[in-house]
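# Report on the structure
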Amino acid sequence: MSNAPLMPMATAVWLVENTTLTFKQIANFCNLHEVEVQGIADGEVAKGIKAYNPIMSGQLSREEIDLSSKDKDRPLKIKNLDIEISNEDKKIKKYIPLSKRQDKPDSALWLIKQHNILKDSQIAKLVGITKNSVTSIRNKSYWNYNNLSPKDPIALNLFTQKDLIDAIAKAERRIKREKKEKEKNKVINKN
């Protein structure tokens, strides 16, 4: 991997506009030619490119820029080459083949029967169908209701066991909260 910053042209635009670094220092840091950097300063190159602040993105520090500004022979050093990209908590939408699409309403029916405390919106989010579809399945007015057969969505790999446990816990908290509010309203209405 090269040691160039992310978006080198936009970074060069920011460095030209906001620092006293030489064209050579900026060109070396951004892996550009010195003439390109001079063109950026003259307004002939990179017209319409929005400046990208390398300090905000964590690629440079203000101290690094100050040190290189004082010593014209000192090159800029990128702060961190290792950018951590974590895919935790990111649900990647994947293509579901036509043959598997019937599994979603079947899974919604399974969730309605097995975990009836879940709200329609929670089931829709877990399974990946619309809330209206879940409501019509619950009311037995779904267009294909007679052909539905309950199927475990975890076994079909529509979502994980952890997702289901989290949804159930959230539903239980909601039910407790609603019970407390009802009791509170009864006490208020009696008085």
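Structure first, text after, so check above.
Here we summarise the structure given alongside this text. These numbers were taken from a predicted model, which means no experiment stands behind them.

### Some points on the side chain of S136
With respect to the helices and strands, S136 occurs in helix α7 (residues 131-138). Every residue in contact with S136, bar those within four places of it in the chain, is listed here: S141 and Y142.

### With respect to the side chain of Q25
Relative to the helices and strands, Q25 resides in helix α2 (residues 23-30). Given the relative accessible area of 4%, Q25 is considered buried. Separated by 3.5 Å, the side chain of Q25 and the backbone oxygen of K72 make a polar contact. Excluding its chain neighbours within four sequence positions, the residues that come into contact with Q25 are S68, D71, K72, D73 and R74.

### So, the nonpolar core
Counting 22 residues, the largest nonpolar core has L111, L118, I123, V127, I137, F159 and L164 as the members making the most contacts within it. Where this core is concerned, the elements lending two or more residues are α5 (103-114), α6 (120-127), α7 and α8 (161-190). Take this core: its biggest share by element is 5 residues, from α5. In this structure, L111 is in contact with N116, L118, I123, V127, P153, F159 and L164, ignoring residues within four places of it in sequence. By size, the runner-up hydrophobic cluster in this structure holds 17 residues, among which are A27, F29, V37 and A46.

Cut-offs and rules
- Residues numbered from 1 in each chain as written.
- Predicted model: local features only at pLDDT ≥ 70, side-chain atom pairs only at ≥ 80, totals over all residues.
- Heavy atoms only, no water.
- Helix = DSSP H or I, 4+ residues; strand = E, 2+ residues; numbered from the N terminus.
- Contact = heavy atoms within 4.5 Å.
- Buried < 20%, exposed > 50% of the residue type's maximum accessible area, 1.4 Å probe, protein only.
- Polar contact = N/O pair within 3.5 Å; in protein donor to acceptor, adjacent residues only side chain to side chain.
- Core = buried A, V, L, I, M, F, W, Y, C linked by side-chain atoms within 4.5 Å.

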